[in-house]
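Structure at a glance
Given next are the chains, with one letter for each unit.
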Amino acid sequence: MDSDLAAADRQPENHPLRTEKWERFQSLKKYWDLYLIMLPGLAYFIIFKYVPMGGIVVAFQDFSAFAGIRGSEWVGLTHFKNMFTDSEFYTVFKNTLLISLYKLIWGFPGPIILALMLNEVRHMLYKRGVQTLVYLPHFLSWVIIGGILINVLSPATGIVNQFLGMLGLEPIFFLGSQEWFRTVLVVSDIWKEAGWGAIIYLAALASIDPQIYEAAVVDGAGKWKQLLHVTLPSLIGTIVILFVLRLGSVLDVGFEQIFVLYNPLVYNVADVIETYVYRTGITQGQFSFTTAVGLFKSVISLILVVLANKAARKLGQDSLW
């Protein structure tokens, strides 16, 4: 680094290297306040995201809390071998993929559809009222929502089962039924996050030039054709980027939601990697094994992001890099 700077100092004033460094300095000097605002966010990612990555070595050790990372015995890939030979892990991995896939299929289009519907509302007071109502669930914790769901879906006193009883149907134990539990997870997640996710799409819709719609009306396009040929093509870039980001967390199906709602009756269909790591690592003290599981999950997520980003570039769409 010092040799590069020294070489740059020896270059003529109009040399590209010196010019580039001077432009960077001028940019830093001109926008110093913006860089200063960026520092807390940068510090957050360094402290809480990058520094803890040093703990990955625990996955390759027989970690002991008393010996510490430096004193624990190295065992190589033993924990990864145990992971792939554990039948319970395959059940957990399958549950994680299925729940994540259901949330992706049903949950990802939710904010898009909601944003498109809100975009067509012309009464501003009504529109803002609806926006406020659909945003509110995002700010409720899963502990609160879990309590609401337990009461609403109760087989004895829940309003849903009371309505089913009025129709002459048998009550359903939604949170104790392996057939219904995943449906409850997906629907409650959509209800909680669709309004918040629609914000980005509403911002993208607001940036579309109104003259494009005016031209489409002149050409005889109705609302449906405007949606197909103007609105959706304008949202493709935003949709692709958010989809790529979503794939990066495809194995993160929501620990808080499942931990609050599940019970031993639905372990076979509800136990996911996050709850498995908590139960095995925290309650049973198998820190090295669960670190290996977490590392495996992170690697899979990274591969999915890279592949999705590459596919987006080949299709000529916007990408993350």
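If you look the chain up in an unreviewed UniProt entry, it shows as Aldouronate transport system permease protein from Paenibacillus silagei. Quoted verbatim from the Subcellular location (unreviewed entry) heading of the UniProt record, the comment on the chain is "Cell membrane". The heading Sequence similarities (unreviewed entry) in the UniProt record of the chain holds the text "Belongs to the binding-protein-dependent transport system permease family."

1. Observations regarding the packing of helix H7 (residues 109–119) against helix H11 (residues 181–206)
For any two helices packed against each other, one specifies the crossing angle of their axes together with the interaxial distance. Orientation of H7 relative to H11, taken along the N-to-C sense of each, is 55°, at an axis distance of 8 Å. By the criterion of interaxial angle, the relationship of H7 to H11 is oblique. Crossing angle aside, the handedness with which H7 passes H11 is right-handed. Here H7 contributes Pro111, Ile112, Leu114, Ala115, Leu116, Leu118 and Asn119 to the contact with H11, which in turn contributes Ala194, Gly195, Gly197, Ala198, Tyr201, Leu202 and Leu205.

2. Digging into the UniProt feature "domain: ABC transmembrane type-1" (unreviewed entry) in the chain
Following the UniProt record, the feature "domain: ABC transmembrane type-1" (unreviewed entry) maps to residues 93–308 here. Structurally, residues 93–308 comprises 75% helix and 0% strand, and the distance from its first C-alpha atom to its last is 21 Å.

3. A few points about the domain arrangement of the chain
One can read the domain layout of the chain as domain 1 (2–53) and domain 2 (79–314). Between the C-alpha centres of domain 1 and domain 2 the distance comes to 39 Å.

4. Overview of the packing of aromatic side chains
How two aromatic rings sit relative to each other is set out by the distance from centre to centre and by the angle between their planes. Per the stated rule, a full pass over the model turns up 19 aromatic pairs. Between Phe84 and Phe296, the aromatic rings sit 5.5 Å apart at their centres with planes inclined by 85°, giving edge-to-face as the arrangement. Note that Phe84 is positioned in helix H5 (residues 78–84) and Phe296 in helix H17 (residues 287–314), a separation of 212 residues in sequence. A residue is classified by how much of its surface remains accessible, and Phe296, at 16% relative accessible area, is buried. Measuring from ring centre to ring centre gives 5.3 Å for Phe174 and Trp180, while their planes differ by 80°; the resulting arrangement is edge-to-face. Residue classification places Phe174 among the buried residues on the basis of a relative accessible area of 8%. By way of ring pairs, the aromatic residues Phe84, Phe89, Tyr90, Phe93 and Phe296 are connected into one cluster. Above the face of the Tyr267 ring, Arg279 is positioned so that its terminal group lies 5.5 Å from the ring centre.

5. Remarks on the confidence of the model for the chain
In the predicted model, the chain carries a mean pLDDT of 84, and 92% of its residues have values of at least 70. Note that pLDDT drops below 50 for residues 4–8; the model gives that stretch four contacts with residues more than four away or on any other chain.

6. Points about the UniProt feature "transmembrane region" (unreviewed entry) in the chain
As recorded in UniProt, the sites labelled "transmembrane region" (unreviewed entry) are residues 31–51, 97–118, 139–160, 227–245 and 287–308. Strand forms 0% of residues 139–160 and helix 59%; the C-alpha atoms that close the span are 24 Å apart. In the segment residues 287–308, helix accounts for 100% and strand for 0%; the C-alpha atoms at its two ends are 32 Å apart.

7. A few points about the pattern of salt bridges
As enumerated under the stated definition, the model contains five salt bridges in all. Arg279 is paired through a salt bridge with Glu88; the nearest N and O atoms lie 3.0 Å apart. Taken as a pair, Arg279 in helix H16 (residues 273–283) and Glu88 in helix H6 (residues 87–107) lie far apart in primary sequence, 191 residues in all. Residue classification places Arg279 among the buried positions, given a relative accessible area of 19%. Overall, Glu88 belongs to the partly exposed group, its relative accessible area being 36%. Three or more residues joined by partner-sharing salt bridges are found here, namely Glu88, Asp271 and Arg279.

8. Re the side chain of Ser154
Note that Ser154 resides in the loop between helix H9 (142–152) and helix H10 (159–166). Ignoring sequence-local partners within four residues, the contact set of Ser154 consists of Leu149 and Asn161.

9. What about H9?
Within H9 the residues assigned to the buried category are Trp142, Ile145, Gly146 and Leu149. Seen from one end, H9 has its buried residues packed into an arc of 105°, which puts them on one side. Away from its buried face, by an angle of more than 90 degrees, H9 presents the exposed residues Val143 and Asn151. As for H9, its buried residues are in contact with H11 and helix H14 (255–261).

Rules used in this analysis
Residues numbered from 1 in each chain as written. Predicted model: local features only at pLDDT ≥ 70, side-chain atom pairs only at ≥ 80, totals over all residues. Heavy atoms only, no water. UniProt positions renumbered as here; feature names shortened; annotations may be inferred. Axes fitted to C-alpha atoms, helices over the stretch in contact; angles between N-to-C directions. Helix = DSSP H or I, 4+ residues; strand = E, 2+ residues; numbered from the N terminus. Parallel < 35°, antiparallel > 145°, perpendicular 65-115°, else oblique. Left-handed = near helix turned anticlockwise from the far one by under 90°. Contact = heavy atoms within 4.5 Å. Domains from an automatic or database assignment. Phe/Tyr/Trp six-rings, centres within 6.5 Å; stacked < 30°, edge-to-face > 60°. Buried < 20%, exposed > 50% of the residue type's maximum accessible area, 1.4 Å probe, protein only. Lys NZ or Arg CZ within 6 Å of the ring centre and 35° of its normal. pLDDT = per-residue confidence, 0-100. Salt bridge = Lys/Arg side-chain N within 4 Å of Asp/Glu carboxyl O. Arc of directions from axis to C-beta.

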